[in-house]
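Take a look at the letters that make up each chain.
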Amino acid sequence: MDRLPLPLEGITVVAVEQAVAAPFATRQLADLGARVVKVERTDGGDFARGYDTAAQGLASHFVWCNRGKESIALDLKDPRGLAVVRRLVADADVFVQNLAHGAASRLGLDAATLCAAHPRLVAVDISGYGAEGPYAGKRAYDMLVQCEAGLVSVTGTPEQPVKAGIPAADIAAGMYAFAGVLAALVRRGTTGRGGPVEVSMLDALAEWMGHPLHHTMHGGEPPERTGLAHAVIAPYDAYPTADGGRVLLSVQNDREWRRLADQVIGQPELGTDPAFATNAARVAHRARTDELVGKALGALDTDEAVARLEAAGIACARLRDLRELAGHPQLAARERWREVGSPVGPLRALLPPVTLPGGDEARMGDVPALGQHTEALLRAVGMTDAEIAALYRDGVAA
């Protein structure tokens, strides 16, 4: 049987994007076969290029979110630079932007304007708080939105709320933008029309807050911050092991508790002790429950603790750091790592989570240098040598 092509082959995306939310969305499209043209500023490009130099001299955020794209550097404040973008959009299937509030509208690059001019175009506006309302003009960096969406209120310890360790609001918005593009392309396939797609970081992260939000709105109390422990299940926490590791385990029912007491703690009588026999009792005596589990696991090294828990049928996990994730045996066994090209040479990268068996593997293209494709793209929209030279001379292109 012939292999299926990548589902977005033949789709062209133009993105005036920066930071994480929009670049993360368009990288998903590139991985699935779309051609993605990334429009960047001439004075340094996407500011995420300057976040750090951890990826062998490149910024780790940029490497993560921008493989497989073509970079064109233009000054959109100059009418000639904006005209190039308009030419690119005229031949595109998808346009994505996450400029500051009002900037896309002033340039005529907002979704409503573009879709009115190009009925088959799918145009995406990604914002912090949406186009209207009292927060529309507020700056919306990821951690700010985490606070506004209540994520920080349920994350951390009883004493200290903390942000998520990843840009959760950016990722949420990026994934909903990705899904919105796919849905709009399916609709275009049946109606012939594209249309606007709107995604805000607050809307996206508020949706992800669904469980604690509904729990609180409909009569419950806001969940307490419990660190790694579960608020209403015990034992469900991470415990130190003899070799300096930590193992998280979860007991979901009283049968599992009896097995844990017998096969791991070594005190089978705890399985029927009224102080521990039910989850309600264990939660009420959480400190003592954790002490019993912690003492048992603290006498074992990490490998032995995991083996003992798995033999007893207890769900468990190692508390891994990022270096351990990079060497995770499951990722290695499933051959999830690839290399992508970049201006500093090959870099390791994970295959995208969406796997389409029977088809071509995800297209994990190179991470582009700033303006790497400017000249080729200017020629592709029909500009002459003299016009191109003038753009470079005047700093409109780079």
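Residues numbered from 1 in each chain as written. Predicted model: local features only at pLDDT ≥ 70, side-chain atom pairs only at ≥ 80, totals over all residues. Heavy atoms only, no water.

1. Remarks on the packing of aromatic side chains
Line of reasoning, step 1. A full pass over the atoms with the stated rule returns four aromatic pairs.
Line of reasoning, step 2. Plain terms: the ring middles of Phe 24 and Trp 64 are 5.1 Å apart, the flat faces sit at 45° to each other, and that makes the pair tilted. Linking Phe 24 in helix α1 (residues 21-31) with Trp 64 in helix α2 (residues 60-65), this pair joins segments that are 40 residues apart in sequence.
Line of reasoning, step 3. Its relative accessible area of 9% is what places Phe 24 among the buried residues.
Line of reasoning, step 4. When the centroid spacing of 5.4 Å and the interplanar angle of 75° are considered together, the rings of Tyr 129 and Tyr 135 count as edge-to-face.
Line of reasoning, step 5. For Lys 138, the ring lying beneath its charged end belongs to Tyr 135, and the centroid distance is 5.3 Å.
Line of reasoning, step 6. Sitting over the face of the ring of Trp 337, Arg 348 holds its NZ or CZ atom 3.9 Å from the ring centroid. (Phe/Tyr/Trp six-rings, centres within 6.5 Å; stacked < 30°, edge-to-face > 60°. Helix = DSSP H or I, 4+ residues; strand = E, 2+ residues; numbered from the N terminus. Buried < 20%, exposed > 50% of the residue type's maximum accessible area, 1.4 Å probe, protein only. Lys NZ or Arg CZ within 6 Å of the ring centre and 35° of its normal.)

2. Some remarks on the packing of α1 against helix α7 (residues 168-191)
Line of reasoning, step 1. With their axes 7 Å apart at the nearest point, α1 and α7 run at an angle of 45° to one another. Here α1 lies oblique to α7, going by the angle between them. Crossing geometry of α1 relative to α7 is assigned as right-handed. Counting all contacts with α1, which are made through Ala 21, Phe 24, Ala 25, Gln 28 and Leu 29, the residues of α7 involved are Asp 170, Ile 171, Ala 173, Gly 174, Met 175, Ala 177, Phe 178, Val 181 and Leu 182. (Axes fitted to C-alpha atoms, helices over the stretch in contact; angles between N-to-C directions. Parallel < 35°, antiparallel > 145°, perpendicular 65-115°, else oblique. Left-handed = near helix turned anticlockwise from the far one by under 90°. Contact = heavy atoms within 4.5 Å.)

3. What about helix α12 (residues 286-298)?
Line of reasoning, step 1. For α12, which comprises 13 residues, the first-to-last C-alpha distance of 17 Å matches the rise-based estimate of 18 Å (1.5 Å per residue) to within 8%.
Line of reasoning, step 2. What α12 keeps buried is the set Thr 289, Asp 290, Leu 292, Val 293, Gly 294, Ala 296 and Leu 297.
Line of reasoning, step 3. Packing partners of the buried residues in α12 comprise β7 (236-240), β8 (246-250), α10 (254-265), α11 (279-284) and α13 (302-311). (Expected span 1.5 Å × (residues − 1).)

4. A short note on the sheet that holds strand β9 (residues 315-318)
Whenever strands of a sheet pair, they do so through backbone hydrogen bonds, lying parallel or antiparallel.
Line of reasoning, step 1. Ordered in space as β7-β8-β9, the three strands form an open sheet in which the pairing is antiparallel. Single-partner strands in this sheet number two, and they are β7 and β9. The mean angle between the axes of side-by-side strands here comes to 25°, regardless of whether they run parallel or antiparallel.
Line of reasoning, step 2. Helix-sheet contacts for α13 involve β8 and β9, and the interaxial angle to β9 is about 165°. (Pairing = 2+ DSSP bridges.)

5. Some points on the pattern of salt bridges
Line of reasoning, step 1. Enumeration over the complete set of coordinates arrives at 21 salt bridges.
Line of reasoning, step 2. Note that Arg 363 is salt-bridged to Glu 9, the shortest N-O span being 3.2 Å. On the criterion of sequence distance, the pair formed by Arg 363 in the loop between β11 (347-350) and α16 (374-380) and Glu 9 in the segment before β1 (12-16) is long-range, its members being 354 residues apart.
Line of reasoning, step 3. A residue is classified by how much of its surface remains accessible, and Arg 363, at 38% relative accessible area, is partly exposed.
Line of reasoning, step 4. Given a relative accessible area of 38%, Glu 9 falls into the partly exposed group.
Line of reasoning, step 5. In this structure, the salt-bridge partner of Arg 80 is Asp 394, at a minimum N-O distance of 2.8 Å. Of this pair, Arg 80 sits in helix α3 (residues 79-90) while Asp 394 is found in the segment after α17 (385-393), placing the two residues 314 residues apart along the sequence.
Line of reasoning, step 6. What makes Arg 80 partly exposed here is its relative accessible area of 36%.
Line of reasoning, step 7. Connected through salt bridges with shared partners, the residues Glu 17, Lys 38, Asp 46 and Lys 69 form a single ionic network. (Salt bridge = Lys/Arg side-chain N within 4 Å of Asp/Glu carboxyl O.)

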